[in-house]
Amino acid sequence: MNVVGISAFYHDSACALVVDGRLVVAAQEERFTRRRFDRQLPIYAYRACLEHAGLGPADVDCVAYYEDPVRKLSRQLWMEFTAPGAGPPAVLDATYPERHIRERLGHQGPIAIVGHHEAHAATAFYSSGYQEAALFTADAVGEWATTSYGAADGRGLTLSETVDFPHSLGLLYSAVTGYLGFSVNSDEYKVMGLASYGTPRFRRVLDTLVLANEGGQFRLDQRYFNLTGDGRMYTDALVSLLGVPPRKSRDEVTADHRDLAASIQSLIEELLLDKLNYLYERHPSENLCYSGGVALNCVANTKLRRRGKFRNWFVPPAPGDSGSAAGAALLVHHRTTGAHRVERLTDARLGPVVRGPSLARVLDVAGVAYQDFAGRRDELLDEAARLLAAGRILGWCQGRMEFGPRALGSRSILADPREAQMRDRINRLVKKREEFRPFAPAVVAERAAEFFDLEVPSPFMLETVAVRPGAGLPAVTHVDGSARVQTVERAADPLLHGLLTRFGAATGVPVLLNTSFNVRGEPIVLDDLDALSCFLRAGLDALVAGDLLVRREDIPESWFGHADQGARYFAPVVRNDAYSFFI
């Protein structure tokens, strides 16, 4: 049975293909269109996923859509009546998803609707390898649910309780994100990084925003929030309560802003721990499957795992809405056939192999020198490790791309983590981003405990732990002495593991700085030609794409002046402080 999962029209459009219960390929539309957070129907991702599996539209038995349009519409209408004119009328149509799936994807077979939080929970459970588990989902909002509790086993999954909009942990965090001058629904991770620079002195004030109810319930004090989707997410009452003016996006980040970030991070961690303890009482399992956008808060994840009651944890590599495309397809397969595969996902490289014009052909036509290591992968790894050890910054584009927001060694920028100035150089010249944002390390799994206080695998970069004293990794060590670690198993990614091993042999440290292969404001690169464009615009020292090695000194200077003109990139329109509930 071939089931296609679709996430579209609201956030992070994506497509996933499940064949006989196995997730074989998944991709986000933004990688193809070069529009960050593209929300349109994933036409390009759909075609690429089918081509990767050798299937055509006629081979698709069912399309699974990741949320209930009717229930979604009920909330949208409530918001429309609350704040007239807040949302575009074209989206206020419950038939919109099915019509577009049929008309634009050409699918004439069944379309199965999966609840938004069901899809989130299914993404985690069916990828966890657990026979049974408790389920926890926390995000901004799906149809109505913002937090859900449940359990799953071989018979399927059930959500036993929900907290509904407008009461939401995700929206609470997003409201403060907007208050701090960052873009809502995209820059929450900046608040998480900024929190380490402050102290939670606003914690008592923020505590008053959340009213605890019995069981798993809670309420946000609506006097302080504007959650109609019209304008900023907070009211003047919150400004008065905090006593700190809202920051504009280009304003300096002050001590007040750092302390406010630390305070909301502390509050979210305590609220999540309380709700997870309640879940354990209601569904006492050794295993927890955790998903939803809030699960991307890797600082909270490690603290919750260590302080909570669940023995085993699983968070999927794409816990947000894009991953729900996979969850919807996996759940529909189980419900339709009565069977599911119990196997743990250990490799996020689920993207299709994208075949376009050959990079070698482009370089040949342009007369640009490069080295081709086809059939000599060991030599390629040796040379790449030598360049990294010499302080060079590499663009690294290999094979199938990762599914989810993290670059995990297929579409990465790699550098030496031993020099503190490397972090500043990449932040200032390459990524062109805020100086307070940390970079993450990739480390061979078998030696991770030597350098990091990490007792579990972290293949998807969803754990933040202390760096061991004396590890000598300043470029990937945050101000609080922590790092968001990716552990690399030889069996999962022999190429990246081989590079780390060779770098370790040369330096004594089998660790590399690993950040996403993109520049500020654009999606991670799709293929070799995107990689070449980004390599030029980011000012990297070398590009390794497949078997090819291109050095900066071999590129004509004229190329650097025109690099932006060749980029398949469209700047997104972002409302800085407003959560877009309608789109």
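Please refer to the structure placed before this passage.
Note that the structure is a prediction, hence the values are computed from the model and not measured.

J.: Tell me about the sheet that holds strand β1 (residues 2–7), and please be specific about residues and values.
T.: Taken in spatial order, the five strands make up an open sheet running β3-β2-β1-β4-β5, and their pairing is mixed. Sheet topology places β3 (22–28) and β5 (111–113) at the edges, where each strand pairs with a single neighbour. Pairs of neighbouring strands in the sheet enclose a mean axial angle of 20°, with direction left out of account. Sheet topology note: the strand β4 (residues 62–65)/β5 ladder contains three bridges and is parallel. Among the inter-strand pairings, Ala64 is bridged to a residue of β5, identified as Ala112. Sheet strands in contact with helix α2 (residues 43–53) are β1, β2 (14–19) and β3, and its direction is about 145° off that of β3.

J.: An account of unusual backbone geometry is requested, with residue identities and associated values reported.
T.: Of the consecutive residues Phe165 and Pro166, the connecting peptide bond is found in the cis state with omega at 15°. For Pro166, the position within the fold is in the loop between β8 (156–164) and α6 (169–179). Despite not being glycine, Asp12 shows a phi value in the positive range, around 50°. Judged by relative accessible area, which is 26%, Asp12 ranks as partly exposed.

J.: Could you give me a rundown of the sheet that holds strand β11 (residues 287–291), with the residues and numbers involved?
T.: Two orientations exist for strands paired in a sheet by backbone hydrogen bonds: parallel and antiparallel. Judged by pairing direction, the sheet is mixed, and its five strands sit side by side in the order β8-β7-β6-β11-β12 without closing on themselves. Lying at the two open borders of the sheet, with one neighbouring strand each, are β8 and β12 (312–314). Within this sheet the neighbouring strands show an average axis-to-axis angle of 20°, counted without direction. Pairing between β11 and β12: three bridges, direction parallel. Looking across to β12, one finds that Leu288 is bridged to Trp313. Where helix α10 (residues 255–282) meets the sheet, it contacts β6 (133–138), β7 (145–153), β8, β11 and β12, and its direction lies at approximately 150° from that of β6.

J.: Which residues make up the pairing of strand β19 (residues 511–516), and what are the values?
T.: By the criterion of burial, β19 is predominantly enclosed, with six of the six residues buried. In the sheet, strand β15 (residues 411–415) pairs with β19 via four bridges, with the strands oriented antiparallel. Its bridge partner lying in β19, Leu414 is registered against Asn514. Pairing of strand β16 (residues 440–444) with β19 involves four bridges; the strand directions are antiparallel. Bridge assignment links Ala442 to a residue of β19, and that residue is Leu512.

J.: Account for helix α15 (residues 420–430), with residues named and values stated.
T.: Helical periodicity: at 3.6 residues per turn, an α-helix aligns residues three or four positions apart in one direction. Taken together, the buried positions of α15 are occupied by Met422, Ile426, Asn427 and Val430. Summarising the axial view, the buried residues of α15 lie within an arc of 130°, below the 170-degree limit, and thus occupy one face. Looking at the buried positions of α15, the neighbouring elements they touch are β15, β19 and α18 (528–538). Once α15 finishes, Lys432 follows within two positions and takes phi at roughly 55°, a positive value.

Rules of the game
- Residues numbered from 1 in each chain as written.
- Predicted model: local features only at pLDDT ≥ 70, side-chain atom pairs only at ≥ 80, totals over all residues.
- Heavy atoms only, no water.
- Pairing = 2+ DSSP bridges.
- Helix = DSSP H or I, 4+ residues; strand = E, 2+ residues; numbered from the N terminus.
- Axes fitted to C-alpha atoms, helices over the stretch in contact; angles between N-to-C directions.
- Contact = heavy atoms within 4.5 Å.
- Buried < 20%, exposed > 50% of the residue type's maximum accessible area, 1.4 Å probe, protein only.
- Arc of directions from axis to C-beta.

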